[in-house]
Amino acid sequence: MTDLVSPLRARLQQTFNGQATGTPQWMIDLEKGDDEGFFEPGSAVWAVHGAKATIAAGVRALLVQALHPGALAGVHDHSRFKEDPLGRLAGTIRWIYTVTYGSRDAATQASNWVSRLHTKVVGQYDDRHGVSHGYAANDPELLSWVHMAFADSFLAAFHRWGGREVPGGPDAYVREWAVAGELMGVPNPPLTVAEMQHQLMDFDRRGVLERTSRTDDVVRFIRRPPLFPVLRAGYPLLFNGAVATLQPRFQELLDLRPPHVGPVELPTAGPAAAVLRGVGAVMGPRPPAEKHALARLERLGWASV
């Protein structure tokens, strides 16, 4: 059995953290630091980000982000997402886990590093009416959209596949993760689910969100990314599950809907859950980053470790 699982584990590790074997140094470095970090064991953020549902959440977040033409232009013009999609994924995971599990200094430094990269991500795009707009990755409104796309997606995926309630309730997660938004320069990030949903849909009410040929191109890429062959069988189930958790309006804008046979919608939550359980069986139930954060907390004498 080990001989069968090892290649799959190596491919999953390569996909998520950029190396097939061993532990990335940045993850080991989560043991460093002299404080408990912005979030602690038992927090809503540790619960949500420690669940395997984050895999489906990542797919969903990319779909939501693609609805904003400024965010889409930045990825199209400045990212090597098609040439090196796994590298971009690993970088995003590194930031999320460093902010989630690292010391306050590590989380701040990681966020500042991303912000410095964003200073180069500027340009222009034409909307569906042919009107030209400037964009900048560090623009407060664009930062707000990306922050909420992640928070909304992680919460929706955990609600569907997390297997338990969010500690303190969904509002606790939105309120806690607002810290990450502030670290990235988001002005007044939402503190409740209702506030987040209102702000998300306000982008649509103001006519900001749109679907163009570029949107369709990115959605096709997200639907069929260049994964390792051993991972391709399960991915469509995750994709369909992620689509099913989108707000109906976002499904409409993206021209996506869960799979149907005639008028009958096929189940998506169960098949996606089976894939997530399989990943958990291979990789372990909790992210390795958590173990290194717990080692730091134990060194600091944190009472509950």
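Structure's up top.
Residues numbered from 1 in each chain as written. Predicted model: local features only at pLDDT ≥ 70, side-chain atom pairs only at ≥ 80, totals over all residues. Heavy atoms only, no water.

**Points about the overall build of the chain**
Inclusion rule: Counting from the N terminus, the helices are DSSP H or I runs at least four residues long and the strands are E runs at least two residues long. The globule rule is 2.2 Å times the number of residues to the power 0.38, and the radius of gyration it is compared with is taken over C-alpha atoms. A 1.4 Å probe rolled over the protein chains alone gives each residue an accessible area, and that area as a share of the maximum for its type sets the label: buried under 20%, exposed over 50%, partly exposed in between. The criterion used for residue contact is that any of the two residues' heavy atoms lie within 4.5 Å. Accessible surface is estimated by sampling points in the Shrake-Rupley manner with a 1.4 Å probe; for residues, cover comes only from the protein chains shown. Counting rule for charge: Lys and Arg are taken as positive, Asp and Glu as negative, and neither His nor the chain ends is counted. A charged residue contributes its charge at one atom only: NZ of Lys, CZ of Arg, CG of Asp or CD of Glu.
Check the secondary structure of the chain and you find 15 helices and 4 strands. Here the C-alpha radius of gyration of the chain, 19 Å, is about what a compact globule of 305 residues would show, namely 19 Å. Principal-axis analysis of the C-alpha atoms gives the chain an extent of 60 × 45 × 35 Å. Expressed as a percentage of the 305 residues in the chain, the buried residues total 49%. The long-range fraction of contacts in the chain, counting pairs at least 24 apart against all pairs at least 6 apart in sequence, stands at 76%. When the accessible surface of the chain is totalled, it reaches about 14,700 Å², and 55% of it is carbon and sulfur. Distance between charge centres in the chain, computed from 31 positive and 31 negative side chains, equals 6 Å.

**Remarks on the pairing of strand S1 (residues 122-126)**
What counts, and what does not: Any two strands between which DSSP finds at least two bridges are classified as paired.
Across 5 bridges, the pairing between S1 and strand S2 (residues 132-136) is antiparallel. Looking at S2, one finds that Val122 is bridged to Ala136. The antiparallel pairing of S1 with S2 creates a hairpin that spans 5 residues between the two strands, and Gly130 there sits at a positive phi of about 85 degrees.

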